[in-house]
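Spelled out from the first residue to the last, the chains are:
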Amino acid sequence: MRLRFLCSNHRDWLASNALATFDSWQRSYEHASTLLNEHDAIKAVNYAGCALEAAELLLFYHARQTKNDIGRFTDSALLLCTSLLRTGERRLACGVIGGTIARLEELLFSGVERRAVLEGCQRLLHVGDHFDQPETTDQTRFSGQVADGLPRHNVH
């Protein structure tokens, strides 16, 4: 994905050191979770983004492609999406879902942990289901009859 939460020097260093990458993922993920629980979603976005980048590095650069690594990648994406949704950034959250599923598809095509990859995609799609529900302001603005008598539909 084209996420850029990590600075290029830090990202390069993590790409060359799997142990440091795992430690960075763990710290970022835990910090993002804490911030989200404390209702500080804006700061949580940054840490969740770093966690997702670290999980992606573990999965694709360090070739750690076990069920746990796929779960870590998916969990990090879900944490970032939740943080983004709480800040009102639905469009960005949708982009994270799409980008994460695209990366998981790469694993699926190469035959890596098929069941774990499909479960990850399914979990991401479940979060994406919430995007189908229009916001209250959209419903009131576009509901009702138009001049020709046909009902209006929400456009997203």
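**Q** Account for the environment of Val112, naming residues and giving values.
**A** If you trace the backbone, Val112 turns up in the loop between helix H5 (90–109) and helix H6 (114–128). Here Val112 falls in the buried class, since its relative accessible area comes to 15%. Through-space distance from the C-alpha of Val112 to that of Ile70 is 9.6 Å; in sequence the pair is 42 residues apart. Not counting chain neighbours up to four residues away, the residues in contact with Val112 comprise Gln65, Ile70, Leu107 and Val117.

**Q** Provide a residue-level description of helix H2 (residues 18–37), including the pertinent values.
**A** Between its first and last C-alpha, H2 extends 28 Å over 20 residues, near the 28 Å set by a 1.5 Å rise per residue. Regarding H2, the residues found buried are Ala20, Thr21, Ser24, Trp25, Ser28, Ala32, Ser33, Leu35 and Leu36. For H2, the elements touching its buried residues are helix H1 (8–15), helix H3 (41–61) and helix H4 (67–86). Two or three places before Leu19, at the opening of H2, Asn17 has a side-chain oxygen 3.2 Å from that residue's backbone nitrogen.

**Q** How would you summarise the packing of H3 against H5 if you had to cite specific residues and measurements?
**A** The geometry of H3 relative to H5 is characterised by a closest axis approach of 12 Å and an angle of 10° between their N-to-C directions. Classed by the angle they form, the pair H3 and H5 counts as roughly parallel. Judged by residue contacts, Leu52, Glu56, Leu59 and Phe60 of H3 engage Val96, Thr100, Arg103, Glu106 and Leu107 from H5. Broken down by class, the residue content of the contact of H3 with H5 amounts to five nonpolar, one polar and three charged.

**Q** So what's going on with the side chain of Arg103? Residues and values would help.
**A** The topology assignment puts Arg103 in helix H5. In this structure the side chain of Arg103 is engaged in a polar contact, spanning 2.8 Å, whose partner is the side chain of Glu56. Leave out the neighbours within four places in its chain, and Arg103 touches Met1, Glu56, Phe60 and Phe73.

**Q** So what's going on with the nonpolar core? Residues and values would help.
**A** In terms of nonpolar packing, the biggest core is built from 34 residues, with Leu52, Ile70, Leu80, Val96, Leu104, Leu107 and Leu124 touching the most fellow members. Broken down by secondary-structure element, the contributors of at least two residues to this core are H2, H3, H4, H5 and H6. It is H3 that contributes the most residues to this core, nine residues altogether. Judged by nonpolar contacts, the second largest core, of five residues, contains Leu14, Ala20, Cys50 and Leu57.

Quick notes on the rules
Residues numbered from 1 in each chain as written. Predicted model: local features only at pLDDT ≥ 70, side-chain atom pairs only at ≥ 80, totals over all residues. Heavy atoms only, no water. Helix = DSSP H or I, 4+ residues; strand = E, 2+ residues; numbered from the N terminus. Buried < 20%, exposed > 50% of the residue type's maximum accessible area, 1.4 Å probe, protein only. Contact = heavy atoms within 4.5 Å. Expected span 1.5 Å × (residues − 1). Polar contact = N/O pair within 3.5 Å; in protein donor to acceptor, adjacent residues only side chain to side chain. Axes fitted to C-alpha atoms, helices over the stretch in contact; angles between N-to-C directions. Parallel < 35°, antiparallel > 145°, perpendicular 65-115°, else oblique. Nonpolar A, V, L, I, M, F, W, Y, C, P; charged D, E, K, R; others polar. Core = buried A, V, L, I, M, F, W, Y, C linked by side-chain atoms within 4.5 Å.

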